[in-house]
Amino acid sequence: MAQLARQAGVSRFILCTSFYNYFHALWPDMQLTELHPYIYASVEQEMRLLAENGNGLETIALRLPYVVGLVPGHESAWKTYAKRLQRREFPLYVDQHNKATGGSCYMTAKQVGQALVGAANDEVAPKSYTLGWRNISNEAFLMKAKCALQSDIQIKTLTFREFQAVARKEAHEIELTGREAGFEPVAYTELLARALYVDPIEALDVLDYHTDNVEKAIQEVFTTL
């Protein structure tokens, strides 16, 4: 597509990709691209796009964290998450001290739109930018989602060993169906137990997306589900 864009006279190509590309570079010892097809494809996509930079075409990759927000006319991507939460398929993971672990970074759909406008500016250097806004623990996010859903479900806690046992069962069931998971279930437990937090200072400075209320966006999204 980038090559065709150049031929058509397009001057700038912007790709929205995943913040897992950032963690692949940050934690090479985790071998994320070797273990997870989704991350492999995402990293490969970004590398190929940036390799097309030049000869009249500038290429930019925006590594997005989890995005929350309502988009008119579109079904929320969080609908499946809400259904799984209702079925109690998202337990809370705790360490040996019974302390909840893990977390992720979030931003709003409005901020993504602002960042895309910023990336279209000719003064923005063609490269990869890791975006984000609010770092939220898994425990806090689950509680916010549960509250917005007005659900009385009890969030189950699992030790890391118990969690891995569940993941091994899931991996076996996927294998029996002849499918391949984008995230290998057992290896993914290591990611879910980590703080996938981002400090997006460069992206904020360069792309100039603005303050927004992630917590309010989470409330709005899950209230509609």
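Residues numbered from 1 in each chain as written. Predicted model: local features only at pLDDT ≥ 70, side-chain atom pairs only at ≥ 80, totals over all residues. Heavy atoms only, no water.

A look at the overall build of the chain
So, point 1. The helix and strand inventory of the chain stands at eleven helices and nine strands.
So, point 2. Taking the principal axes of its C-alpha atoms as reference, the chain extends roughly 55 × 35 × 35 Å.
So, point 3. The contacts of the chain with a sequence gap of at least 6 include a subset with a gap of at least 24, amounting to 84%.
So, point 4. Summed over all atoms, the accessible surface of the chain reaches about 12800 Å², with 52% contributed by carbon and sulfur.
So, point 5. For the chain, the distance from the average position of its 22 positive side-chain charges to the average position of its 27 negative side-chain charges is 7 Å. (Helix = DSSP H or I, 4+ residues; strand = E, 2+ residues; numbered from the N terminus. Contact = heavy atoms within 4.5 Å. Areas by Shrake-Rupley, 256 points an atom, 1.4 Å probe, with all protein chains shown as cover. Lys, Arg positive; Asp, Glu negative; His and termini not counted. Charge placed at Lys NZ, Arg CZ, Asp CG, Glu CD.)

Notes on the side chain of Thr101
So, point 1. Tracing the backbone through its elements, the reader meets Thr101 in the loop between β4 (92-94) and β5 (103-108).
So, point 2. Given the relative accessible area of 18%, Thr101 is considered buried.
So, point 3. Beyond its immediate sequence surroundings of up to four residues, Thr101 is in contact with Tyr93, Asp95, Asn138, Leu192 and Ala193. (Buried < 20%, exposed > 50% of the residue type's maximum accessible area, 1.4 Å probe, protein only.)

Let's talk about the side chain of Thr130
So, point 1. Structurally, Thr130 is set in strand β6 (residues 128-130).
So, point 2. In terms of polar contacts, Thr130 uses its side chain to reach the side chain of Arg63, at 3.3 Å.
So, point 3. Sequence-distant contacts of Thr130, defined by excluding residues within four places in its chain, comprise Tyr22, Arg63, Val198, Pro200 and Ala203. (Polar contact = N/O pair within 3.5 Å; in protein donor to acceptor, adjacent residues only side chain to side chain.)

Some remarks on the packing of helix α7 (residues 138-148) against helix α11 (residues 214-223)
So, point 1. Two numbers describe how α7 lies on α11: the axes approach to 8 Å, and their chain directions differ by 45 degrees. By the criterion of interaxial angle, the relationship of α7 to α11 is oblique. Between α7 and α11 lies a crossing of right-handed hand. Contacts between α7 and α11 involve Phe141, Lys144, Ala145 and Ala148 from the former and Glu215, Ile218, Gln219, Phe222 and Thr223 from the latter. (Axes fitted to C-alpha atoms, helices over the stretch in contact; angles between N-to-C directions. Parallel < 35°, antiparallel > 145°, perpendicular 65-115°, else oblique. Left-handed = near helix turned anticlockwise from the far one by under 90°.)

Topic: the state of the cysteines
So, point 1. Using the criterion set out here, one finds zero disulfides in the structure.
So, point 2. The cysteine Cys105 is free of any disulfide, with Cys16 supplying the nearest cysteine sulfur at 15 Å.
So, point 3. With relative accessibility at 0%, the residue Cys105 sits in the buried group. (Disulfide = S-S within 2.5 Å.)

Description of α11
So, point 1. The set of residues buried in α11 consists of Val214, Ala217, Ile218, Val221 and Phe222. Projected down its long axis, α11 shows its buried positions confined to an angular sector of 120 degrees, all on one face.
So, point 2. Summarising the contacts, the buried residues of α11 are in contact with β3 (66-68), α5 (79-86), β5, α6 (109-119), β7 (134-137) and α7.
So, point 3. Between the side-chain oxygen at the start of α11 and the backbone nitrogen of Glu215 there is a gap of 3.2 Å, and the oxygen is on Asn213. (Arc of directions from axis to C-beta.)

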